[in-house]
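Examining the three-dimensional arrangement
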Amino acid sequence: PKDNPVIRAAAGQRIFQIKQGASLTLSNITLEGNGNVGGNAGLVTVNGGLQANTGTRFVNGHAASGGALYISGNGLVALTDAAFRDNQATLNGGAIATDATFSGAVSVTRALYRDNTATGDGGAVYFAGDRASLQHRTSTFYANGAANGGAIAIAATNSVVSVNNVTMAGQVGGGAVLFPAAADNLVVLTNSAIVGNLGGSCVGDATAIDDAGIAYV
C-alpha cells in the first residue's frame, strides 16, 4: 500500500485549530509535529468536532499538554483506526489531553498508542473535565510512559470512563491507569488485558479503584 501523505507542521507550530461550531474529518493522512509548540496541542487543538478515520496517524507532536491533541469545552472527538506514536508532553497527556473545562466526549475504536510520553500524568491520555466521557474499544497501549498513568490518567469529575477489549502492556512508567480520589466518576474496565506495566496496573486512590467496575481484566 502507498504511504500516507504527510502534513508536517511549521517549526514550533500546530497544524489545525478547530474552533467551537467547526468540524474536521481526516482519513489516510499523517500529521507530523516539528518541535515544541510552547503551549498545549502539539498537532491539533479541538473545541469543535474532530473525526479521524482509517489510516490517520498523529506523530512527533510536542507540547505542554496534549502532545498530539488538546480538547476543551464541549468538543466531540471520534477516532477509528488511528495511531499515535512518539508524541510528548512536558506536562500531561503525551498523545491526548482534555482541559479542565472539558464537558464533551471522546470515543476511540481500534487505536494504537505507542511510545508516547508525559513528564506529568497520562503517558498516552490525560482525561480531565467535568460531566464528560471517554471511551476506548479494541485499542492497544504499548510502551507509553508518565509519572502516573502510563496509558491513561483520569483527572475528571462526575464523568464516565469506559474501557472495553483493550490491551495495556509494557508501559515504561507510571503504571497503566491512574485513578483520582473522590471524583464521583463511573469507570468500567471490561474484557481487557492490563499486564507488564512498569509501576503496576491500576494506581492511585485505593477507594476509587475498589469502586470501579473492573471485570474480566
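Conventions and cut-offs
Position numbers for residues count from 1 along each chain, tracking the sequence in the order it is written. Local features in this predicted model are restricted to residues whose pLDDT is 70 or higher, and side-chain atom pairs enter the listing and the counts only when it is 80 or higher, whereas totals over whole chains, interfaces and linings include all residues. Excluded from the side-chain calculations are hydrogens and water; all other atoms, namely the structure's heavy atoms, are used. Numbering of helices and strands runs from the N terminus; a helix is a DSSP stretch of H or I covering at least four residues, while a strand is a stretch of E covering at least two. Using C-alpha atoms as the atom set, the radius of gyration is obtained and then compared with a globule rule of 2.2 Å times the number of residues to the power 0.38. Each residue's exposure class comes from its accessible area (1.4 Å probe, protein chains only) as a fraction of the maximum for that residue type: buried when under 20%, exposed when over 50%, partly exposed otherwise. The contact rule is simple, with two residues in contact once any of their heavy atoms fall within 4.5 Å. Per-residue and other accessible areas were derived by the Shrake-Rupley procedure at a 1.4 Å probe size, with only the shown protein chains allowed to occlude residues. Any two strands are treated as partners once DSSP identifies two or more bridges connecting them. To define axes, lines are fitted to C-alpha atoms, for helices over the stretch in contact only, and angles between the resulting N-to-C directions are given on a 0 to 180 degree scale. Here, nonpolar core means buried Ala, Val, Leu, Ile, Met, Phe, Trp, Tyr and Cys residues that are tied together by side-chain atoms lying within 4.5 Å of each other.

What to know about the overall build of the chain
In terms of helices and strands, the chain carries 1 helix and 27 strands. A compact globule built from 217 residues should have a C-alpha radius of gyration of about 17 Å, and the chain, at 15 Å, falls within 12% of that. With the principal axes as the frame, the chain shows a C-alpha extent of 45 × 35 × 30 Å. Split into buried and exposed, the 217 residues of the chain put 51% on the buried side. Of the contacts formed within the chain by residues at least 6 apart in sequence, a portion of 83% connects residues at least 24 apart. With an accessible surface of roughly 8,800 Å², the chain has 48% of that area assigned to carbon and sulfur atoms.

What to know about the sheet that holds strand E2 (residues 16-18)
Strand order in the open sheet made by the 8 strands is E2-E5-E9-E13-E17-E20-E23-E26, with parallel pairing throughout. Only two strands of the sheet have a single neighbouring strand rather than two, namely E2 and strand E26 (202-204). Adjacent strand axes in the sheet meet at a mean angle of 15°, parallel and antiparallel pairs treated alike. By the bridge criterion, 3 bridges tie strand E23 (residues 177-179) to E26 in an arrangement that is parallel. Bridging across to E26, Phe-179 finds its partner in Gly-204.

What to know about the nonpolar core
The biggest cluster of nonpolar side chains holds 48 residues, and the ones touching the most others in it are Phe-58, Tyr-113 and Met-168. In contact with Phe-58, not counting residues within four places along its chain, are Leu-26, Leu-31, Leu-43, Ala-52, Ala-68, Leu-69, Ala-82, Ala-83, Phe-84, Arg-85 and Asn-87. If you look at the next biggest cluster of nonpolar residues, it comprises 8 residues, including Tyr-70, Ala-97, Ala-128 and Ala-153.

Don't take any of this as a statement about function, it's just geometry.
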